[in-house]
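# Understanding the architecture of this molecule
So you can see what is in the structure, the chains are spelled out below.
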Amino acid sequence: MLAVAAAAEDAGLDGVFAFDHLFRQRGDAAGAERRPALELLTMTAAAAAATRRVTVGTLVARATLRPPAVHRAAFDTLARVAPGRIVAGLGGGDDESLAEDTAFGVLPGDPPPAGRGDDRLELGAYRLERLEATVAALGDGPYPVWVAGVSPAAVRLAAAQSDGWNRWGGGPASFATAVERVRAEVANAGRDPAAFTYTWGGLAVLGPTPAEAEAKWQRLGGGRPGIVRGTPSEVADQLAAYAAAGADWAILGPVDSSELSNAAVLGEAVALLRNA
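None of these values were measured; they are calculated from a predicted model.

### Quick notes on the nonpolar core
Ranked by internal contacts, the top residues of the largest apolar core, which has 55 residues, are Phe75 and Trp165. With residues up to four places along the chain from it excluded, the contact list for Phe75 reads Leu41, Thr58, Ala61, Ile86, Val87, Ala88, Leu90, Leu138 and Tyr143. In this structure, Leu59, Val60, Trp146 and Ile251 belong to the second largest nonpolar core, which totals 6 residues.

Here it is in structure tokens:
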């Protein structure tokens, strides 16, 4: 992980971000192969201490895993380790993390079913309450707070009380539509939409040459849609589309996350964008 962070900094990238999981898994919740996951805040602190220039952020810290005061103390500590370089990305969790929540008893009782009429149910009442409390706890910290999510409740919370918003996955067109919705909510909250930060995150399959990129895609991509893929020039074109859709940041998660060469591919793509 530290080698990847150093490679990102050396390649001229703007930041490194870490996810918040208790374990990663393949298969169903009952019989899945569970793989270890590094603890988010410990890992973020290590990356902050090992780098000098890049922004270091969480995408995202799950509000259900720690009390709000613990998140506040942790991010305040990170801000002392790396002043001016921390982003506190927060989320309430979703059904992708339900197996972890169930295994460790994170959620009290069974999570409420998704509902269309009550937007609290779309995120889950408990998840939303913890997210609201954590955003409030971090509100005056010396770092920007981004709130992730596409439910109406998450969008309103981000627009009213945070510095930025993140959407994970989806193509440029759906991102552009979501950005317009967030901009409207920011304006409704009496804030300046131009001063707010709009961010997109998603998976990536990267290669320095067409042959290498295609071989990796066949091996790792699995035909899944919504993944940034290809050579530096192809990736630059795809990132430009997200920028045109309103993204201030695009955070890519390479499927082969420990491969150091991904940083160089992204660095070249960023250079192409900056020189365009």
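### Comments concerning a nonpolar patch on the surface
A cluster of nonpolar side chains, namely Met1, Leu2 and Leu38, defines an oily patch on the protein surface of about 280 Å² accessible area. Examined against the element boundaries, Met1 turns out to sit in the segment before α1 (2-10).

### Section: helix α11 (residues 261-275)
The end-to-end C-alpha distance of α11 is 22 Å, a good match for the 21 Å that 15 residues give at a rise of 1.5 Å each. Where α11 is concerned, the buried positions are Asn262, Ala263, Val265, Leu266, Gly267, Ala269 and Val270. Buried residues belonging to α11 abut α1, β9 (197-206), α9 (210-221), β10 (228-230), α10 (232-244) and β11 (249-254).

### Re the packing of helix α3 (residues 68-81) against helix α6 (residues 125-138)
Between α3 and α6, the least distance of the axes is 9 Å, while the angle of their chain directions is 40°. As for the relative orientation of α3 and α6, their crossing is right-handed in sense. Contact residues: α3 offers Pro68, His71, Arg72 and Phe75, while α6 offers Arg130, Ala133, Thr134, Ala137 and Leu138. Among the residues making up the contact of α3 with α6, the classes are represented as 5 nonpolar, 2 polar and 2 charged.

### Overview of the pairing of strand β8 (residues 164-168)
The buried fraction of β8 is high, at 4 of 5 residues. The pairing of strand β7 (residues 145-148) with β8 spans 3 bridges and is parallel. Looking at the pairing, Val147 lines up with Trp165 of β8. Regarding topology, helix α7 (residues 152-161) serves as the crossover connection from β7 to the parallel β8, and that connection is right-handed. One ladder, built from 5 bridges, connects β8 with β9; its direction is parallel. From the neighbouring strand, Arg167 faces β9, where its bridge partner is Trp200. With respect to chirality, the unit in which β8 leads through helix α8 (residues 172-188) into the neighbouring parallel β9 is right-handed.

### Section: the environment of His71
Its location among the elements puts His71 in helix α3. Residue classification places His71 among the buried residues on the basis of a relative accessible area of 0%. The sequence separation of His71 and Gly169 amounts to 98 residues, and the corresponding C-alpha distance is 25 Å.

### As for the confidence of the model for the protein
Within the protein, residue pLDDT values average 91, and 91% of them lie at 70 or more. Taken together, the stretch residues 115-121 has pLDDT below 50 and engages in 13 contacts with residues farther than four places along the chain or on a different chain.

So, how was this worked out
The residue numbers shown here count from 1 along each chain, following its written sequence. Since the coordinates come from a predicted model, pLDDT governs what is reported: local features require at least 70, and pairs of side-chain atoms require 80 or more to be given and counted, while whole-chain, interface and lining totals use all residues. Where side-chain values are given, they derive from all heavy atoms of the structure, hydrogens and water being excluded. For our purposes a nonpolar core is just a set of buried Ala, Val, Leu, Ile, Met, Phe, Trp, Tyr and Cys residues, chained together by side-chain atoms within 4.5 Å. We call a residue buried when its accessible area falls under 20% of the maximum for its residue type, exposed when it is over 50%, and partly exposed in between, using a 1.4 Å probe and counting protein chains only. Contacts are assigned to residue pairs that have any heavy atoms within 4.5 Å of one another. Nonpolar side chains (Val, Leu, Ile, Met, Phe, Trp, Tyr) are joined into patches within 5 Å and like charges within 9 Å, using only residues with over 30% relative accessible area and no salt bridge. Here the Shrake-Rupley method, with its probe set to 1.4 Å, supplies the accessible areas, and only the displayed protein chains count as covering residues. By definition, a salt bridge exists where a carboxyl oxygen of Asp or Glu is found within 4 Å of a side-chain nitrogen of Lys or Arg. Helical segments are the DSSP runs of H or I of at least four residues, strand segments are the runs of E of at least two, and each set is numbered from the N terminus. Every helix has an expected span of 1.5 Å times one less than the residues it contains. The axes used here are C-alpha line fits, helices contributing only the stretch in contact, and every angle between their N-to-C directions lies in the interval 0 to 180 degrees. In this scheme, a crossing is called left-handed if the near helix is turned counterclockwise away from the far one by less than a right angle; it is called right-handed if the turn is clockwise. Side-chain classes follow a simple rule in which Ala, Val, Leu, Ile, Met, Phe, Trp, Tyr, Cys and Pro form the nonpolar group, Asp, Glu, Lys and Arg form the charged group, and the remainder, Gly included, forms the polar group. Note: two strands are recorded as paired if DSSP finds a minimum of 2 bridges between them. With its strands directed away from the observer, a crossover is right-handed exactly when the path from the first strand over the helix to the second travels clockwise. Each residue gets a pLDDT score, which is the predictor's confidence in that residue and runs from 0 to 100.

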